[in-house]
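Listed below, chain by chain, are the residues.
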Amino acid sequence: MKICVVGTGYVGLVAGTCFEESGNDVICVDNLAAKIAALREGKVPIYEPGLEELIRRNVTEGRLSFTTELADAVRQSVVCFIAVGTPEKPDGSADLGAVLAVSRGVAQAMDGYRVVVTKSTVPVGTHKKIRAEMEPIAPHPFDVVSNPEFMKEGAAIDDFMKPDRVVIGAASPQAFRIMRELYEPFVRTGAPILEMDNPSAEMTKYAANALLATRISFMNEIANLCERVGADVDYVRRGVGHDRRLGHHFLFPGVGYGGSCFPKDVQAVIQTAHEHGMKFPLLNAV
Ligand SMILES: NC(=O)c1ccc[n+]([C@@H]2O[C@H](COP(=O)([O-])OP(=O)(O)OC[C@H]3O[C@@H](n4cnc5c(N)ncnc54)[C@H](O)[C@@H]3O)[C@@H](O)[C@H]2O)c1
């Protein structure tokens, strides 16, 4: 299938390369000319095990290309993934400026039916904003698909190639069919493709990150209590993790959670709750 991935950051570069590796023709788009020029020479701006080799090979074989020209890429693709950043605004909400700008760009350039897919982490309701942005200018029908990404930095290729699950939120059988076709090579080991409505798919990503952040914060509080009562949190962590209902992941106490996603995603959930008249005391504490 011919696809384009807009945004060659962590997510876009890994997703584009993996879709390429599974036999698609992929055009990666970014508005940073220097980044695109470097990628064309095989210089990869991030370190991710295996990524540089995959990019070099696929560029040489002519199936992966890089451009700053969104319109050209859209005209050559059936599916357009949006993988641009959604940074935190001062009020904690997610900045959708780049996502909506790309959506408009896709609408202006499309010369037939397109599937527009959000790979970026976007708050519930973003699919409606994208539709509202595109509808007045799009000369052809399109579907908006919400397809959050769960990769971890450091294991991103592996996570993408062998996902625990693929979440697809859409509203049309055609969009589901196209997305299933794209993802089938990655779920041969039996991981499910979970088809759902757009809001549920958008919410799934935030719920997962907020829950993981909560586990870390919770264990930090337990560690503080352990110190006061003379218990060793490392034993406690192991004792807790062996409960199959809980598991061992994200139970390590430490300086708190960080990284490029948890802090902004937790804030975005709190902000979404506020916008809908709900306080979320648990996440405020987290
Ligand atoms: N990093 C992760 O591990 C991870 C995991 C899952 C989901 N996500 C989500 O995926 C999204 C992207 O994250 P990332 O870490 O890849 O971000 P990033 O900042 O590394 O990359 C974003 C890229 O988009 C480009 N860009 C911005 N505006 C553009 C525009 N208008 N047109 C074309 N390109 C544009 C930037 O130049 C940059 O190269 C975010 O919403 C993030 O929350 C990230």
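What you see is a predicted model; the values in this text were computed from it and never measured.

Enquirer: Describe the pairing of strand 7 (residues 166–169), naming the residues involved and giving the relevant values.
Expert: Covered by surrounding structure in strand 7 are Val-166 and Ile-168 together with Val-167 and Gly-169, the residues of both alternating faces. Of the pairings in the sheet, the one linking strand 7 to strand 8 (residues 193–196) comprises four bridges and is parallel in character. Its bridge partner lying in strand 8, Val-167 is registered against Leu-194. Handedness of the β-α-β unit built from strand 7, helix 8 (residues 173–183) and strand 8 comes out right-handed.

Enquirer: Got a sec to walk through the site of the ligand? Specific residues and values, please.
Expert: Neighbouring the ligand are 25 residues; Val-11, Asp-30, Lys-35, Thr-86 and Lys-264 lie closest to it. Val-11 has a polar backbone atom sitting 2.9 Å from an oxygen atom of the ligand. Within the side chain of Asp-30, an N or O atom sits 2.6 Å from an oxygen atom of the ligand. Protein contacts shield 81% of the accessible area of the ligand, which totals 830 Å² for the unbound molecule. Listing elements by their share of the shell around the ligand, those giving two or more residues are helix 1 (10–21) and helix 5 (97–109). Classifying every residue of the shell around the ligand by side-chain character gives 10 nonpolar, nine polar and six charged.

Enquirer: Just give me the short version of the packing of aromatic side chains, but keep the residues and values in it.
Expert: Counted under the stated rule, the structure contains nine aromatic pairs. Here the aromatic rings of Phe-250 and Phe-262 are separated by 5.9 Å at their centres, their planes lie at 45°, and the arrangement is tilted. With Phe-250 in the loop between helix 10 (233–241) and helix 11 (262–275) and Phe-262 in helix 11, this residue pair connects regions lying 12 residues apart in the sequence. Its guanidinium or amino end placed over the ring of Phe-150, Arg-165 lies 3.6 Å from that ring's centre, counting from NZ or CZ.

Enquirer: Quick one: what's the story with the nonpolar core, residue by residue and with numbers?
Expert: Phe-19, Phe-81, Phe-160 and Tyr-183 are the most contacted members of the largest nonpolar core, which has 40 residues in total. In this view, Phe-81 contacts Ile-3, Cys-4, Val-5, Val-6, Phe-19, Val-117, Lys-119, Asn-147, Met-179, Leu-182 and Tyr-183; residues no more than four positions away in its chain are not counted. Counting 25 residues, the second-largest nonpolar core is a separate cluster that includes Val-6, Ala-107, Met-110 and Ile-130.

Scoring rules and cut-offs
- Residues numbered from 1 in each chain as written.
- Predicted model: local features only at pLDDT ≥ 70, side-chain atom pairs only at ≥ 80, totals over all residues.
- Heavy atoms only, no water.
- Buried < 20%, exposed > 50% of the residue type's maximum accessible area, 1.4 Å probe, protein only.
- Helix = DSSP H or I, 4+ residues; strand = E, 2+ residues; numbered from the N terminus.
- Pairing = 2+ DSSP bridges.
- Right-handed = clockwise from strand over helix to strand, strands pointing away.
- Near = heavy atom within 4 Å.
- Polar contact = N/O pair within 3.5 Å; in protein donor to acceptor, adjacent residues only side chain to side chain.
- Areas by Shrake-Rupley, 256 points an atom, 1.4 Å probe, with all protein chains shown as cover.
- Nonpolar A, V, L, I, M, F, W, Y, C, P; charged D, E, K, R; others polar.
- Phe/Tyr/Trp six-rings, centres within 6.5 Å; stacked < 30°, edge-to-face > 60°.
- Lys NZ or Arg CZ within 6 Å of the ring centre and 35° of its normal.
- Core = buried A, V, L, I, M, F, W, Y, C linked by side-chain atoms within 4.5 Å.
- Contact = heavy atoms within 4.5 Å.

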